[in-house]
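A look at the structure
Listed here are the chains, written in short residue letters.
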There are 4 protein chains.
Amino acid sequence: MQSGELGNWPVSTKITVQWGDLDALNHVNHTVFLTWMETARMIYFEKCRMLELWRPERIGPILAGIKADYKSPVKFPDTVTVETTISRLGNSSFDMEYRIMSEEQGGMLVATGTVFGVMCDYKTGKSTIIPDELRSRIFGVERSVKS
Amino acid sequence: MQSGELGNWPVSTKITVQWGDLDALNHVNHTVFLTWMETARMIYFEKCRMLELWRPERIGPILAGIKADYKSPVKFPDTVTVETTISRLGNSSFDMEYRIMSEEQGGMLVATGTVFGVMCDYKTGKSTIIPDELRSRIFGVERSVKS
Amino acid sequence: MQSGELGNWPVSTKITVQWGDLDALNHVNHTVFLTWMETARMIYFEKCRMLELWRPERIGPILAGIKADYKSPVKFPDTVTVETTISRLGNSSFDMEYRIMSEEQGGMLVATGTVFGVMCDYKTGKSTIIPDELRSRIFGVERSVKS
Amino acid sequence: MQSGELGNWPVSTKITVQWGDLDALNHVNHTVFLTWMETARMIYFEKCRMLELWRPERIGPILAGIKADYKSPVKFPDTVTVETTISRLGNSSFDMEYRIMSEEQGGMLVATGTVFGVMCDYKTGKSTIIPDELRSRIFGVERSVKS
């Protein structure tokens, strides 16, 4: 794998902040940022057909861990942009990074996050090798922003 | 159907109020009351095996409508009790009623609701007759509180 | 009040469906539709300055009841449009109607709703008259779509 | 500070899993675990009066970051126990740890988490020293389980 093949932030999506996202402190609740990241993740998964082996073989990713840093509170109304990229692709695991920007705050970065994913064989309950075809498609998605 | 066979409030469940249920007005958000009702509904569905025909025949209930009246705001911390009953059982539709009581408010009724359900054949997308066996099990669940 | 002064659907907002809005049935959970309506409601409230008397006099609206009809399930990904209007303005209460359309379903109506609001004096905990100035602003918002 | 003065897991709370907590994969959504941790955090904050300086001086904690590890999926119905402790208390920051156990899984650990908190002076927007009195109360809460 060459430098630059991953970590290119190929997926970006805009999400409307809702009034109900606010908590009693009048800021968007910290869990909502993770819901936004999840939406971006599912768009990425769709692009690289991450879930293709789920039906025939019951192989698919599990979310093993998550990390988030909160830099600035978000209020209502606002629209956020969530970007995501796969920044590391191991034998059976991968890291996805996220960054969230607020339109009302002039595009300022309000949070970052990382999700630790593991490819899992649900028949055995154990981790399994990320298939070469999926690996190629992930590189394809990451390269798509370079053109 | 005789009077007294339905509307007996056979299902009751206690649910912990969470801090994140509060919205920017510092009260539990109005949508959370519907999530509580849904939890009670699923416990009722389990008891009468409402979803038994889903796998073999793709017949199951759909939520056609909902109505809720809010009587008193709920705060954190608290524990609510949600009770539910089927109050009407038509050929292919039914009404489920809900009442929610707050422990912190001395068991006072804080909200009531009604869900309008329709038995649906997902193969055709049309409503279908509620099978006699399911009908019997519903009467059984409702009668269970009388003993 | 003349016919046509209310019910003009002056507020419309687009909201991104998120993957986390789906429930175990793989449809957007029925409570999420109410969160969407609430977002549209807060945009309307902002336009007519519904909450202007909250700080000085602790007078503001409470949500007394809600009604929703579900017409078609919504999936991910999608963008919904939520429209709202005040359709009835009584002495101390009002009705707000909602309609939700799905972009993925060609703009088809997927749900409708009504919220029953009451103007409340939080100092006494009782309902109170909707002030004439607020009433004028509501008519102003409703008329704004006619020009 | 002596070893053993922190990290004693003094706060424990039971929370009902709700059907609506499930996502399209039929497991409790990963964000819900963070809502559970938040509920335990607010109970801890109440015990040590963490928010006491909010009204008079606008000094209070902010959530700067979060980390979670998911060990086993949770299903409905279930009841989880969430335990929390302050494991590190710096000059102006602190770490809170969480562990979540599932009743249905025989009390098995299903997730762990850490929240990175910073004491913030909202008047200046900057971090500030954790007052000695609050520090004493935190040690008091942590010690309370030793007796």
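Reading the values: the criteria
- Residues numbered from 1 in each chain as written.
- Chains lettered and ligands numbered in written order.
- Predicted model: local features only at pLDDT ≥ 70, side-chain atom pairs only at ≥ 80, totals over all residues.
- Helix = DSSP H or I, 4+ residues; strand = E, 2+ residues; numbered from the N terminus.
- Rg over C-alpha atoms; globule rule 2.2 N^0.38 Å.
- Buried ≥ 20, exposed ≤ 12 C-beta atoms within 10 Å, placed from the backbone.
- Contact = placed C-beta atoms within 7 Å.
- Least-squares fit on C-alpha atoms with pLDDT ≥ 70 in both.
- pLDDT = per-residue confidence, 0-100.
- Core = buried A, V, L, I, M, F, W, Y, C linked by C-beta atoms within 7 Å.
- Expected span 1.5 Å × (residues − 1).
- Nonpolar A, V, L, I, M, F, W, Y, C, P; charged D, E, K, R; others polar.
- Pairing = 2+ DSSP bridges.
- Axes fitted to C-alpha atoms, helices over the stretch in contact; angles between N-to-C directions.
- Left-handed = near helix turned anticlockwise from the far one by under 90°.
- Parallel < 35°, antiparallel > 145°, perpendicular 65-115°, else oblique.

1. Quick word on the overall build of chain A
Of the regular secondary structure elements, chain A holds 3 helices and 6 strands. Ordered by position from N to C terminus, the α and β elements of chain A give β-α-α-β-β-β-β-β-α. Computed over C-alpha atoms, the radius of gyration of chain A comes to 16 Å, within 12% of the 15 Å expected from 2.2 N^0.38 for 147 residues, which places it in the range of a compact globule. With the C-alpha coordinates aligned to their principal axes, the bounding extent of chain A is approximately 45 × 35 × 20 Å. Out of the 147 residues belonging to chain A, those deemed buried represent 40%. Long-range contacts, defined here as pairs at least 24 residues apart, represent 71% of the contacts in chain A between residues at least 6 apart.

2. Some thoughts on the relation of the copies chain A and chain D
Between the two copies of this chain, the relationship is a rotation about some axis together with a displacement along it. Of the two same-sequence chains, chain A is brought onto chain D (RMSD 0.0 Å, axial shift 0.0 Å) by a rotation of 180°. Given the turn and translation reported, the copies of this chain are related as if by a two-fold rotation axis. Every residue of chain A has its C-alpha some distance from the rotation axis, and the shortest such distance is that of Lys67(A), at 2.2 Å. Looking at chain A, 100% of its interface residues are interface residues in chain D too, so the copies touch through the same face.

3. Regarding the confidence of the model for chain A
Taken over all residues, the pLDDT of chain A has a mean of 94, while the share at 70 or more is 97%. Confidence metrics for the complex model read pTM 0.95 and ipTM 0.94.

4. With respect to the nonpolar core
Within the largest apolar cluster, 157 residues are counted, with the highest numbers of intra-cluster contacts made by Trp36(A), Trp36(B), Trp36(C) and Trp36(D). Ignoring anything within four residues of it in the chain, the contact list for Trp36(C) reads Ile15(C), Val80(C), Val82(C) and Ile100(C).

5. Description of the relation of the copies chain A and chain B
Once chain A has been moved 0.0 Å along the axis and rotated by 180°, it coincides with chain B to within an RMSD of 0.0 Å. Both copies present the same face, since 100% of the interface residues in chain A are matched by interface residues at the equivalent positions in chain B.

6. Focus: helix H1 (residues 30-48) of chain B
Residue and element names in this part refer to chain B. For H1, which comprises 19 residues, the first-to-last C-alpha distance of 28 Å matches the rise-based estimate of 27 Å (1.5 Å per residue) to within 8%. Burial runs high along H1: 15 of the 19 residues are buried. Of the residues trailing H1, Arg-49 is marked for its positive phi of about 50°.

7. Here we look at the interface of chain A and chain B
Across the contact, 7 residues belong to chain A and 7 residues belong to chain B. Its residues assigned to classes, the side of chain A that touches chain B comprises 2 nonpolar, 4 polar and 1 charged.

8. Concerning the interface of chain A and chain D
On the chain D side, the residues contacting the 12 residues of chain A number 12 residues. Counting residues per element, the ones that place at least two in the side of chain A that touches chain D are helix H1 (30-47) and strand E2 (59-70) of chain A. It is E2(A) that contributes the most residues to the side of chain A that touches chain D, 8 residues altogether. In terms of residue class, the side of chain A that touches chain D is built from 6 nonpolar, 4 polar and 2 charged. Sheet topology places E2(A) next to strand E2 (residues 59-70) of chain D; 5 bridges connect them, and they run antiparallel. The residue of E2(D) that forms the bridge with Ala68(A) is Ile66(D).

9. What to know about the packing of H1(B) against helix H3 (residues 132-143) of chain B
Residue and element names in this part refer to chain B. Close contact between H1 and H3 brings their axes to 9 Å; oriented N to C, the two are set at 115°. Between H1 and H3 lies a crossing whose hand is right-handed. Residues Tyr-44, Lys-47 and Cys-48 of H1 form the contact with H3, whose own contacting residues are Leu-134, Arg-137, Ile-138 and Val-141. Across the contact of H1 with H3, the residue classes tally to 5 nonpolar, no polar and 2 charged.

10. So, the pairing of E2(A)
Both E2(A) and strand E5 (residues 108-121) of chain A contribute to a ladder of 11 bridges, which runs antiparallel. For Leu63(A), the partnering residue across the bridge sits in E5(A) and is Gly117(A).

11. Here's the deal with unusual backbone geometry
Between Phe76(C) and the following residue, Pro77(C), the backbone shows a cis peptide bond with an omega angle of -5°. With respect to the secondary-structure elements, Pro77(C) resides in the loop between strand E2 (59-70) and strand E3 (79-89). Its identity is not glycine, yet Asn26(B) carries a phi of approximately 70°, on the positive side. With respect to the helices and strands, the residue Asn26(B) is situated in the loop between strand E1 (11-16) and H1. Under the C-beta neighbour-count criterion, Asn26(B) is labelled partly exposed, with 13 such atoms within 10 Å.

12. Re the environment of Gly65(D)
Looking at the element boundaries, Gly65(D) is found in strand E2. Sequence separation between Gly65(D) and Gly117(D) is 52 residues; the distance between their C-alpha atoms is 7.2 Å. Gly65(D) has contacts with Ala68(A), Asp69(A), Tyr70(A) and Phe116(D), leaving out every residue within four places of it along the chain.

13. Points about the packing of H1(A) against helix H1 (residues 30-47) of chain D
Two quantities define a packed helix pair, namely the angle between the axes and the distance from one axis to the other. Their axes nearest at 9 Å, the elements H1(A) and H1(D) cross at an angle of 170°. Relative to H1(D), H1(A) is oriented roughly antiparallel. When H1(A) is examined against H1(D), the residues His30(A), Thr31(A), Leu34(A) and Thr35(A) are found in contact with a partner set consisting of His30(D), Thr31(D), Leu34(D) and Thr35(D). Classifying every residue of the contact of H1(A) with H1(D) gives 2 nonpolar, 6 polar and no charged.

14. Details of the environment of Arg55(C)
All names here are of chain C. Along the chain, the position of Arg-55 falls in helix H2 (residues 54-57). Judged by local crowding, Arg-55 falls into the exposed class, with 9 C-beta atoms found within 10 Å. Each C-alpha atom, one on Arg-55 and one on Tyr-70, is 36 Å from the other, the two residues being 15 residues apart in sequence.

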